[in-house]
Amino acid sequence: MVKDGYPITMVSDIVSLPNFEKVLPSTYQVDGMIFAVASAPEIPMPEQWMPWLIQSGDSKLVDKDVDKLADALMNGLRAHLDFMRQEKSPLPEELISTEEVNGFRRPSKALEGWLTGLLHVHKLLEPVWENAWQQFEKKSGDSTNEAPEARLSRCLKLFSTLANVDLALSYRNEEQTEQLKMNMALLIKQLPSVLADYTKLSGELAGALPNQFETFSNK
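Note that this is a predicted model, so its numbers are computed, not measured.

Peer 1: What is the right way to look at the pattern of salt bridges in this model?
Peer 2: Note that side chains of opposite charge can pair when their charged atoms are close. Across all of its chains, the model carries six salt bridges by this definition. One salt bridge in this structure joins R106 and E112, with 3.3 Å as the shortest N-O distance. When its relative accessible area of 9% is taken as the criterion, E112 is described as buried. Of the charged contacts in the structure, one is a salt bridge between R154 and D197, with a shortest N-O distance of 3.8 Å.

Peer 1: I tried to follow the packing of helix α6 (residues 126–140) against helix α7 (residues 148–163) on my own but got confused; where do I start?
Peer 2: When two helices pack together, their arrangement is captured by the angle between the axes and the distance separating the axes. Their axes nearest at 10 Å, the elements α6 and α7 cross at an angle of 150 degrees. By the angle between their directions, the pair α6 and α7 is classed as roughly antiparallel. Two secondary-structure elements touch here, α6 through W129, W133, F136 and E137 and α7 through P148, E149 and L152. Among the residues forming the contact of α6 with α7, the class breakdown is five nonpolar, no polar and two charged.

Peer 1: Sorry, what's going on with helix α2 (residues 27–39) here?
Peer 2: Given 3.6 residues to a turn, an α-helix orients residues that are three or four positions apart in the same direction. Taking 1.5 Å per residue, 13 residues should reach 18 Å; α2 reaches 18 Å between its end C-alpha atoms and fits that length. Extensive coverage of α2 is indicated by the burial of eleven of its 13 residues. The complete set of buried residues in α2 reads T27, V30, D31, G32, M33, I34, F35, A36, V37, A38 and S39. Residues of α2 that are buried make contact with α1 (9–15), α3 (46–49), α4 (63–85), α5 (109–124), α6 and α9 (174–206).

Conventions adopted
- Residues numbered from 1 in each chain as written.
- Predicted model: local features only at pLDDT ≥ 70, side-chain atom pairs only at ≥ 80, totals over all residues.
- Heavy atoms only, no water.
- Salt bridge = Lys/Arg side-chain N within 4 Å of Asp/Glu carboxyl O.
- Buried < 20%, exposed > 50% of the residue type's maximum accessible area, 1.4 Å probe, protein only.
- Axes fitted to C-alpha atoms, helices over the stretch in contact; angles between N-to-C directions.
- Helix = DSSP H or I, 4+ residues; strand = E, 2+ residues; numbered from the N terminus.
- Parallel < 35°, antiparallel > 145°, perpendicular 65-115°, else oblique.
- Contact = heavy atoms within 4.5 Å.
- Nonpolar A, V, L, I, M, F, W, Y, C, P; charged D, E, K, R; others polar.
- Expected span 1.5 Å × (residues − 1).

Quick look at the structure:
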C-alpha cells in the first residue's frame, strides 16, 4: 500500500484500472520512470517520454483513456518536481524497507521495481545527460570538484545493485558476496541521500543548458 502525499499516489489509481493493467508496468516501476524523467537535466516533452511507459504495442486505448492516462502521468511528474524543490525523498518509508530471502535482508520487490523503472528511463535519457555535462564543462572549465560523470556513476552503481541484487551477487567472489549481503540494509538506507545527489547533480548540469524553463530546472 502506497502512502498518501507521495508522488506515487498520483499514478497508483490509474495503473490498477482494468483498461491499463496490461498497458503499464507496475505502479512502482511507473513511478520510478516518472522520477527519472523529472530528474533529467532537460526534461523531454510528454509526447517523447509517455510512450516509454507503454509496455504493450498492441494496446487498444480509446481517446478518453489516453487523456486520463496523460493527466495522471503529468500529475505524477509535477508531484516529483515539487518534491525535488522541497528536497524531499520521493520514496515512502515502506518502500525502502527490506525483506528476508535466503537468509539475508534484501530490497523489497517494490523497491526493485521502482529502481528498474528509474534505470530504464535514465538509459533512454543518456544523450541528454551527456550533452548537459559537456555544456557544463565548457562553462565551468577546470574544477577541483568531483567530475559530474564520477558522481553520476556512483549513483547509478547503487541503483543498479539494489534493482537486481541477484545479478550484483553473481559478479562477486565469495568474500565480496558475503560483504554485500552484510551491507545490504545499510545500502538501502543510503538510497534517499543518493537519490538527492542524483537530482542535485541534474540541477547543476541543467544550469549550464540554454533556454531552460524555470519550472523544470529549479530542482
